[in-house]
Amino acid sequence: MLFGFPIQDILKQIQDFIKTNPSEIIVIEMRELLSASVTAQKKQELTQIILDFFGSALYPVTNALPAIGEMQAAGTTVIVAVQDGDINSSSDLIWPTSGKIRDTFANTVDVQEMSEYNQERLAEFNSNGNQFLFNKLSWILTPNTDYLKDSLLRGSIFNLAKEDANPGLIGFAANNDGVQLGNILIIDYVEQSPIFDVLGLSSSSSEPFVPDSSPASTLPLCMALSLGILSCILAPW
């Protein structure tokens, strides 16, 4: 392994979180197992790793949107979805992504463009023709070529989130008061976001999030991007 963490290390962190917070609902999504090294045996190993880590906590595949209270009462608070037909057919505890989870991604470095894109997605989520069980709203800015050139030494994914994307979430949520922001809201560096204010939970928190002290958060953008990409591609299970 050159970069990245073995999947067991990542799932162990999630497992530990579940033990401490058993009522929290966890959705784990694994997409695009495209490497030539992902053989049938590797797929079987991945399936078994998922089952070993989460076992009785896994919510079985269904065609209806699970109710949070039902999941909590049964102790089945974990949904694992994998984009692979072989794995999906091997267990009714591992969800497919196709037809179940709608991914959206603005793919822009501009907050206004991201906001307009997500406004269109909200309209689609709430339309009668929407057949997906889970709709993901991505509130994440993506560096483009111009940003890389202009911010090579001072820019970072962390700064994009903290200074640009996350502050804009308050206004977007206010403009959509009473509208559900999808089933899954994705935010970079959530501890640097106003998510408690957006959810109306600020008064329920006894203390603020602790800012991420990860070295990658302060690396120059080119290095942080490289590490992130390599982590996704090269980390084996």
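As the structure is a computational prediction, the values presented were derived from the model and not from experiment.

What counts, and at which threshold
- Residues numbered from 1 in each chain as written.
- Predicted model: local features only at pLDDT ≥ 70, side-chain atom pairs only at ≥ 80, totals over all residues.
- Heavy atoms only, no water.
- Helix = DSSP H or I, 4+ residues; strand = E, 2+ residues; numbered from the N terminus.
- Buried < 20%, exposed > 50% of the residue type's maximum accessible area, 1.4 Å probe, protein only.
- Contact = heavy atoms within 4.5 Å.
- Expected span 1.5 Å × (residues − 1).
- Arc of directions from axis to C-beta.

(A) How the structure looks around the environment of Met114. Within the element layout of this structure, Met114 appears in helix H5 (residues 111-125). According to the relative accessible area criterion, Met114 is buried, its value standing at 0%. A C-alpha to C-alpha distance of 8.0 Å links Met114 and Ile140, two positions 26 residues apart in sequence. Non-local contacts of Met114, meaning those with residues more than four positions away in its chain, are made with Ala106, Thr108, Ser138, Trp139, Ile140, Leu141 and Ala165.

(B) Local environment of helix H2 (residues 40-54). The first and last C-alpha atoms of H2 sit 22 Å apart over 15 residues, in line with the 21 Å expected at 1.5 Å per residue. Listing the buried residues of H2 in full gives Lys43, Leu46, Thr47, Ile49, Ile50, Phe53 and Phe54. Projected down its long axis, H2 shows its buried positions confined to an angular sector of 160 degrees, all on one face. Along H2, exposed side chains directed more than 90 degrees from the buried face belong to Ala40, Gln41, Gln44 and Asp52. In this structure, the buried side of H2 is in contact with helix H1 (7-20), strand S1 (26-30), strand S2 (78-82), helix H4 (85-90) and strand S3 (94-95). Positive phi shows up at Gly55, right after H2, with a value of about 40 degrees.

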